[in-house]
Each structure stands twice: as structure tokens, then as C-alpha cells.
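Results of the structural survey
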Amino acid sequence: MVNIPALEQMSQILHILFIFLPFLWALGTLPPPDALFLWAMEQVLEFGLGGSSMSTHLRLLMMFIVSAGTAVTSYFIPNTLGVVLFMTGLGFLLSLNLSEMGFVFKHSVTRHRVGTKSKALPSGSKKQFTWKECLFYIVVLVLALLETSLLHHFAGFSQISKNSPQAIVGYVLMILLTLLWLLREIQSVYIFGIFRNPFYPKDVQAVTLFLEKQTRLLKIGVVRRILLNLVSPFAMIAFLSLDNSLQGLHSVSVSIGFTRAFRMVWQNTENALLETVIVSAGHLLIPSTDIWWNRSLDTGIRLLLVGIMRDRLIQFISKLQFAVTVLLASWTEKKRRKSTTTLCILNIVFSPFVLVFIVFSTLLSSPLLPLFTLPLFLVGFPRPSQSWPGVVGTAACVCADTVYYYQMVPNLTAALQSAMAAGSLGLLLPGSHYLGRFQDRLIWIMILEHGYTYCCINIKGLELQETSCHTAEARKVDEVFEGAFEQEEYTRVCSISEHFGNVLTPCTVLPVKLYSDARSVLSGIIDSHDNLKEFKGDLVKVLVWILVRYCSRRSSMQENVHKIENKGKASLIILPDLNTSPQTQSPEDTGSLNSETLDDWSDDNVFDDETTIKTGKEEKDQLKVLQDINVPIPGSVVSQRVDDHSTGTVPENSLYKAVILGYPAIDKGKHEDMVFIPLKEFSCPHSHLLSLPEEWTSNCLPNSKMREMSSLFPEDWYQFVLRQLECFHSEENVPNVLEEIAKDRVLKDFYVHAVLTCYFSLFGVDNMVPSPGHILRVYSGVLPWSLSLDWLTEKPELFQLALKAFRYTLKLMIDKASLGPIEDFKELAGCLEEYERDWHIGLVSDEKWKEAVLQEKPYLFSLGYDPNMGVYTGRVLTLQELLIQVGKLNAEAVRGQWANLSWELLYATNDDEERYSIQAHPLLLRNLTKSKNLIPHNFHGLSSLLPRA
């Protein structure tokens, strides 16, 4: 080593470095091997090979290998024209989303081989391009190769001067850069993030008004899109093809520099345009060949160095802004001002050392780490842009609110596609973060990967039930957006942003089709005696309407199966005989209401629909009855096995034991008062088209009770509903057929029996005006005990129809109280048709609610109870196109806070959820940035060039 000076110097440097390694490890600056390897690979791919940060580690590894192979291959090509064509073609192809294109192509080939019809791709990988886009890519590639070959072969190569062809192209690039910069800044609400854009609409509260005012900006966005995706790449290819450095074959600098340059033209056009203009301006301003920059470096290496300097300069400005924001946040927080004043003063006094830390972290492209988010800065270890393990979405937190974001994401993706193409979101760089706000929803958007006409993003949504910390920071987010987007007409033109210095900078608003959430208090409606009295009468009508519609649809679906051979013969319906007991129940179908259910029906028990409501299988198990109940004394308790074993042994699992509490004794010998309808025939041969299922016509109520309640049946409404049916397409004279069916007394008696039995089951033993608590419990699917309860719960289909009718009636009662009474039968039928077509009325906790949201039902309604305020509430979701406010976050602020969180968990062993470093701070949005409640993680590829439906 003594004889080799280079090794001796390296030994001295390493001796000094090894001394500091323990300190670097203790401070968290020393990276783990995997992070160091991925970071180095990402840096080489981005700055040495012209690629982009990738969305997954596997994609990063594959792209690095392919890109490095491209540079190595170009070194061995013996022909300059072949080198240029190879670099141009591979640069264009590698800048496309090849993995997505390959997946769709493979799916199409597989589908063609199997011979199946067109099917949708899996939900996680939707089709991201069409045949038009494929044709567009082919045409662009052919034109790029043609341009490169012609210019390289026929144009003369000379040192760049003011009159050379390459200099003329440089002037064109300068004009393009200026135009693109102006057109991009016009699209955003703020210019440079500071000055209010005079061309942006002042008030964006109304969607239609905003879209009208934004028409001019959209036209400007189309011009910018053409200049960016078509004109600029071909102009830069012309600049590169005319460079005389390409004459030098088998040069490492040429292979690396120009491979990167031809790739950057497509991969990141805006940055490549800026770098090319800087290099061209440098040639024109300093044409002397005596300078090292012009003498020793070719154009490709100059572009590479300018790209590194550009990236590090942007990082330095962002880190410096973040450091100043942390200082201001510590000073403005009154609770911590006394403890942080010393740190703030030390930062000001030792500001040169703070700048050294910022510069060092910038050179390493590592996050600036504010220790415990205090103004005490360290240099975090270098890490890749994707600083989390696994594929995006593997750590998704799925909860009840996830479904609303799933519904919103496809529409939000389309809106983001248009905004990115127009330039409303600013310069698109991997690692950029955006925050969207709508009502009580917060949406976190991160750019993972960027290429030619595509962008891979990660969308996360904050849970709707906000904590106090979320609320404090969400209020600040609302203030920032309101100050930007809700301007008065007299506001001064080009006014300065009031929230400059915040980590959030408003960008634009996006029209997105999503659900707006409105909650109202139903006091005065659901507890009104008059409304509840009308509720009972309306329930019978709704039951009639639902059962008739159900039977008509059922008959139309089974029309081919139930054909009548002889239309002259009357159809016979045989009802159960007087001495025949109701249909036999299997042991698995038997059960009973337990004591918990009876307790739920106490007068003082009112519960919320999302806390203690029993639904689904639990509800079904509670509402079944035991077969052959034999209780010698009313009120006694008997346990019975429901399996095939003997009743003498007690089962180990108490869930298989049914307990009967205080049910009335049954006198099996007394049948004189039970309903009995002997063998009867329809008077109309077409009545079978609307006949009820046979099991729905069985008897369960005493004859006296049926006679008492028969007056409740609305015969005129029944006749009206029948005459409005439009389901008999096979019949020639439909009006006459409906008239004959309406006059069939036997069919009407069946409907009277079914409707009144359901009515009796919903209101229980006492035929009194229901209470609000009763309405809520039945709405939630928990019915009171009655003689017909077992009969109804044994028929799940009829039970669901009765529950549906009850919920429709409640919505009808609320609408009548809010909008006025119903005038006639036609208006009532129109309301019910609207409920059936456009509404989902149910519980938020039901699976059908989630299905309705994903199917984008126009309206959803749910009834609830607020135990804190003691009021009944209604929740209405309305699907409509509304505006989502989007702002850009300081990427270095996000990286720094995430690095601090990692440092605390790794080195400080502090996972306290109430520690200071994750508490809310409106200026830093500290709690939102570190929130664990962001759901779901969605991976989407966006194309920003071609519009797509």
C-alpha cells in the first residue's frame, strides 16, 4: 500500500470513516443493506439510465436489469445509425407501462384460445389501454425512428453555434419550455404556490358553474397535452440526433449519456426539456472549447449532470422549506413554546450547521429527519421511494368505510387522469403526495411511478369516524382550501396565499361522481302520533303493492314452466285442511325467541342500528320455534335437544339448546276458531299468474282475528295496483285480463290473508299505534312476538318482503311529513316505484347496503338512533357529481415525518399512540401524515394522453 498512493489515501479516509460508523448507526444515518441496495439501484436507474422510480421492488429490479442491458448493448453496436435507432426505439418502449400492456395482451390471447366471450379483467388490474392507444404508440415509434434516421444520416454534424441546425432546434426547445411552463401554471389555482391565478374560477362551490368557467382552461390543457406529448419529444429527438458526439463509437460516456437522454425524452418529458434547454443555453452562452465543460464532456454526460443538479436543487429547496416549517410549527404551538424556544434559538445561531445537514441529506437524497418532529435535525438513512415492505395494498385496513372509497376510486381515477394531462397538479414526479378533501373524507394520493402517458398512483382514504387529532388537522385543511377556492368577487387579483408556508398547497378541484352524506334528526316526524297512525294504514297498502309486484314478476319468470294446457279449466288451489297441523318443521329449522330478545322488547330499550341490532343468521335463529311445543304450565322453562340424540343428555354447546320463556300454552284440541278455507277454484283462468306461493296461504291466525282485521284491507288500492301491472306480454288483451283477475274473489282472499298476517306479525299482539322504538326495532329486523311470528319467520322470502314493505312505509312517512301528503293512488304508486328503482332502504351494517353502494344506487336511506342526544336520525346518501379539493403536499415533509416515525420505532422503542411526535399539528399535518387509519391502498395505472370513457 505504501507504493500505491491511491490505496494509501483510501486507507486514511476509511480509517476516519470507520471511527464515525458507530455514531452514524446510533443516529440512524447508516442504512440497512436492503435499503441501501434498493436506493442505489433506484438512483442509477433514474439518473444514470433515464428511468423512473418503480411501484414495486420487483418492477425496479427487472427495469434496472433491462435498462442496464440496453446501455451495454449500445456500446457494442458497430454502426452509428444503428446505435441511434436502437437508443430511440428502446428508450420509447421502456418508457411505456409494459407490464400492464403485457398482462392485457396475455389475457386477450388466453380468452381467444378458450373461445369465451368478452369478460372483464380482474378488479385489481383493469384494462388500461385500448387498440387506439396501441395504434398511437406504434405510429409514434415509427415516426420517431424515421426522424432519427433521416436527421442522423442526411444532416451535417458541426460544433454547435448560433446558426447551426442544433442551435436552431435549441431555440425551439426554449420556446416550448416557456409555453409549457405558462400553460401548466395557468391550470392551477396558485402560481408558484404563492400568487392567486387570475384565470382560475373564483368560486367553485357549484359543479355546473365551475365546469362552465373551466371550459377555457380545458382547451388550454388540450394544447398543452399536444405540445408535451407530441411536439416536445420529437423536437428533443431532433436536438440529440444532430449532436456530433454520436460519431464516437464504442465510448462508455456516449452509451450511458445518450441512452439516458433518449429514454428521458419519453419517460419524463418536462424534466428532459428543462435539461436540454439548459445544456443548449450553456453552449450558446459559453461557446469556448477551452472550458472543461465543453472540452471533456459530451452532450449526453452534460444532460446527466444537469439532471442530477436539477433533482438535488429541488430537494434542497423542499428540505429547506420543511425545516423552516418545523421551526415555525414549534414556535407557534403555545403549549410547547417554552420547551422549544431554546431549540429554535440554537437553530438560528447554528444555522450554518443546519444548512450543512440539509445539504448532506440532499446529496444523499435521504430524508431530513426532525427528531420527534422538533427542530432538531438529523440525516436519515438513504432509502428508496417505496419505503414500505411488500406490494402496495397488502397492508390495507378494511373497515365499514372502505366501501365508500371503493365506489369513489374509479371515478376519482378518471378525474385525476384529466387533471394530470392538463397540468393542474403541477410537475408529476415519483414520490409526490397529494391530499384530497370532500365533506368528511380525506384522500391521500401518492405517485409511485411515471412514464410516457401513464402514471401509477396509490390512493388511500381516511376512515370517516375522525378522532380529535384528525378533526383539528382536517379543520386546518378546510381553511386552506376555503381560502383558495371560495373567493369573493371583490377579491384582489393575484392576491398572495394566506397559508403560504403550510405543507399543503392547493392545486385544483376535481368533479367526481360520489356519494354525499346527509344526516338529519327525525324528531317531530317519527314520534308524531298522527304520522304513526297514518303509518299503519300506509303499511297495508305498501304490503299489497310489494306482494302483487313480486307475484307478477315471479309468474313472468316462470311463464314457460307454468303454461296452462286447457285454458277453459279452472285452476284449483288446495289449502290445508282444518285438522291438519301447519307444515312439518325439521329439527334444524326449529328455535325460539330467547330471553335476550324479549329483553330487547322492553319499553325502555332503544338501541342504535349499528351497535346492538341483531341481523342475519343470529336474527333468524332467534325467530324460529320448536316443533311440538308441550308446556304444561304457562311461564315454565323447558329445554329440548334439536339434534338426533335423546333429550335426556344435555348438549355441550349451549347454542344448540332452545329455551322457552313464558310462551302461551297451546290447546291442540281446540280448532273451531281457526281459519279454514275448503277446496276453492279461481273464477278467472288467468289468476294463477298472480297467485301466491302455496306455503304463504297456510293458516296461522284465529278466524275472529281475521274478521276483525279484514276491514283494514284496501280493496280499492288492490284493484288499482292490479290494473297497473304490465307483465302479461303473452296475453293478447291485457286490460281485459287484468279486469277479470281483479274481480276474482278467491285471489283477493288469499292476498287479504297474506297481507294481514304479515301486518299482524310486524305489529305484534297489541294492535295499537306503534312507538318510535317499535319502528326502529322492526326496521332493524327484530320483530315482536305474536301468533303469526313463527309462521312468517319460517318463510324467509316473505319475511324479507314484509321487512322491505315496512322500511318503504317508514320512508314514505318521512317524505309525507317533509314534502306534503299524497294526493291520489297514482302519486303513491309513483313514490313506491321510485323507491324500488332508485333507492336502497336498509341498514348500514347490512351486506346489501355495501352492494348498493358498489352498484351506485342513486339514493340510500338508513334509520338510526343517537343514544348520546336521545334522538332518532335519518341518513341519506346521494350519488351525484361533486367537487373534490386537491392540494399538493411537501414531499420532503412527508418523507421526513415518516423517517422520524421509523427512527422512533427502531431506535427509541416508542410505540405510544399518544406520544408528542404524532399529535395533531395544523401546520405540519403531523397526525394525518402518520395515521394508521388510512384505507384502502389501491394501485391504479393512469393514462394521461388519450381520453377514455
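Please read these numbers as outputs of a predicted model, since none were measured by experiment.

Conventions we followed
- Residues numbered from 1 in each chain as written.
- Predicted model: local features only at pLDDT ≥ 70, side-chain atom pairs only at ≥ 80, totals over all residues.
- Heavy atoms only, no water.
- Helix = DSSP H or I, 4+ residues; strand = E, 2+ residues; numbered from the N terminus.
- Contact = heavy atoms within 4.5 Å.
- Areas by Shrake-Rupley, 256 points an atom, 1.4 Å probe, with all protein chains shown as cover.
- Salt bridge = Lys/Arg side-chain N within 4 Å of Asp/Glu carboxyl O.
- Phe/Tyr/Trp six-rings, centres within 6.5 Å; stacked < 30°, edge-to-face > 60°.
- Buried < 20%, exposed > 50% of the residue type's maximum accessible area, 1.4 Å probe, protein only.
- Lys NZ or Arg CZ within 6 Å of the ring centre and 35° of its normal.
- Pairing = 2+ DSSP bridges.
- UniProt positions renumbered as here; feature names shortened; annotations may be inferred.
- Core = buried A, V, L, I, M, F, W, Y, C linked by side-chain atoms within 4.5 Å.
- Axes fitted to C-alpha atoms, helices over the stretch in contact; angles between N-to-C directions.
- Parallel < 35°, antiparallel > 145°, perpendicular 65-115°, else oblique.
- Left-handed = near helix turned anticlockwise from the far one by under 90°.
- Nonpolar A, V, L, I, M, F, W, Y, C, P; charged D, E, K, R; others polar.
- Patch = residues over 30% accessible without salt bridge, like charges linked within 9 Å, V, L, I, M, F, W, Y side chains within 5 Å.
- pLDDT = per-residue confidence, 0-100.
- Arc of directions from axis to C-beta.
- Expected span 1.5 Å × (residues − 1).

Describing the overall build of the protein
Scanning the protein from N- to C-terminus turns up 31 helices and 16 strands. Within the protein, counting contacts between residues at least 6 apart in sequence, those at least 24 apart form 76% of the total. For the protein, the accessible area works out to roughly 45,800 Å², and carbon and sulfur atoms hold 61% of it.

So, the pattern of salt bridges
Enumeration according to the criterion identifies 23 salt bridges in this entry. A salt bridge links E275 to R310, with the nearest nitrogen and oxygen atoms 3.1 Å apart. Of this pair, E275 sits in helix α11 (residues 269–285) while R310 sits in helix α13 (residues 299–332), and the two are 35 residues apart along the sequence. Salt bridges linked by common partners bring R184, E185, R224 and E270 together as one network.

Focus: the environment of G48
Among the structural elements, G48 can be located in helix α2 (residues 33–48). With 23 residues separating them along the chain, G48 and A71 place their C-alpha atoms 9.7 Å apart. The contact partners of G48, leaving out residues within four places of it in the chain, are Q43, I256, R260 and L304.

Details of the packing of aromatic side chains
In this structure the tally under the stated criterion is 28 aromatic pairs. Measuring from ring centre to ring centre gives 6.3 Å for Y200 and F210, while their planes differ by 50°; the resulting arrangement is tilted. Within this pair, whereas Y200 is found in the loop between β2 (195–196) and α8 (207–213), its partner F210 is found in helix α8, the two being separated by ten residues in sequence. Judged by its relative accessible area of 2%, Y200 is buried. Grouping aromatic residues by their ring pairs yields a cluster made of F92, F136, Y137, F234, W266 and Y452. Lying across the ring of Y779, R807 places its NZ or CZ 5.1 Å from the centre.

Structural notes on the pairing of strand β5 (residues 433–438)
In regular strands, side chains alternate between the two faces of the sheet. Among the six residues in β5, six count as buried, and that is most of the element. Residues H433, L435 and R437 line one face of β5 and the alternating positions Y434, G436 and F438 line the opposite face, and both faces are buried. Bridging between β5 and strand β6 (residues 441–451) involves six bridges; their strand directions are antiparallel. Bridge pairing links R437 to L442 in β6.

Here's the deal with the UniProt feature "transmembrane region" (unreviewed entry) in the protein
Per the UniProt entry, the sites bearing "transmembrane region" (unreviewed entry) are residues 12–39, 83–105, 134–155, 167–183 and 343–368 in this numbering. Within the segment residues 134–155, helix and strand shares are 95% and 0% respectively, and the terminal C-alpha atoms sit 31 Å apart. Taken end to end, residues 167–183 is 100% helix and 0% strand, and its two terminal C-alpha atoms sit 24 Å from one another.

Regarding the nonpolar core
Among the nonpolar cores identified, the biggest contains 81 residues, and W717, Y751, L810 and L863 are the most heavily contacted of them. Contact partners of W717, with chain neighbours within four places excluded, come to K541, V544, W545, F825, L828, A829 and L832. L180, L228, M264 and Y452 belong to the second-largest nonpolar core, a separate cluster that totals 41 residues.

Side note on the packing of α11 against α13
For the pair α11 and α13, the least separation of the axes is 9 Å and the interaxial angle reads 120°. Here α11 lies oblique to α13, going by the angle between them. Our pair here, α11 against α13, has a crossing hand that is right-handed. Every residue of α13 that contacts α11 at N271, L274, E275, T276, I278, V279 and H283 is listed here: T299, R302, L303, V306, G307 and R310. Residue composition of the contact of α11 with α13, grouped by class: five nonpolar, five polar and three charged.

Quick notes on a nonpolar patch on the surface
Together, W131, L135, V139, L143, L146, L150 and F154 make up an exposed nonpolar region whose accessible area comes to about 760 Å². You can see F154 is positioned in helix α6 (residues 131–154). Take F154: its relative accessible area is 63%, and that puts it in the exposed class.

Re unusual backbone geometry
Its identity is not glycine, yet S365 carries a phi of approximately 55°, on the positive side. Within the element layout of this structure, S365 appears in the loop between α15 (351–364) and β3 (368–370). At E856, a position not held by glycine, the phi torsion is positive, near 60°. Position of E856 among the secondary structure elements: in the loop between α29 (847–854) and β14 (859–866). A relative accessible area of 28% means that E856 is categorised as partly exposed.

Quick word on the confidence of the model for the protein
Detailed reading of predicted coordinates is not advised where the pLDDT is low. Here the protein averages 78 in pLDDT, and 77% of its residues register 70 or above. Mean pLDDT per element in the protein: strand β11 (residues 657–659) is the minimum at 32, and strand β13 (residues 839–841) is the maximum at 95. Contacts of residues 116–128 to residues separated by more than four positions or lying in other chains number 24 contacts, the stretch itself having pLDDT below 50. Low pLDDT (under 50) marks residues 560–679, which in the prediction has 173 contacts with non-local residues, meaning those over four places away or in another chain.

Focus on the environment of T505
Structurally, T505 can be placed in strand β8 (residues 504–521). Here the alpha-carbon distance between T505 and I194, two residues 311 residues apart in the chain, equals 8.7 Å. Residues in contact with T505, not counting those within four places in the same chain, are G193, G887 and K888.

What about α29?
When we look at burial in α29, the residues that qualify are W849, A852 and V853. One side of α29 carries all its buried residues, which in axial view fall inside an arc of 100°. Every exposed residue of α29 that faces more than 90 degrees away from the buried side is listed here: E847, K848 and L854. Contacts from the buried residues of α29 go to α16 (402–422), β8, β13, β14 and β15 (871–889). Count one or two residues on from α29 and you reach E856, which has phi positive near 60°.

Here we look at helix α7 (residues 165–187)
Between its first and last C-alpha, α7 extends 34 Å over 23 residues, near the 33 Å set by a 1.5 Å rise per residue. Taken together, the buried positions of α7 are Q166, A167, V169, G170, L173, L176, L180, L183, R184, E185, I186 and Q187. Taken together, the buried residues of α7 touch β1 (190–191), α9 (215–241), α11 and α16.

As for the side chain of S761
On the secondary structure map, S761 appears in helix α24 (residues 745–763). Given a relative accessible area of 0%, S761 falls into the buried group. Not counting residues up to four positions away in its chain, the partners in contact with S761 are L783, P784, S786, S788, L789 and L792.

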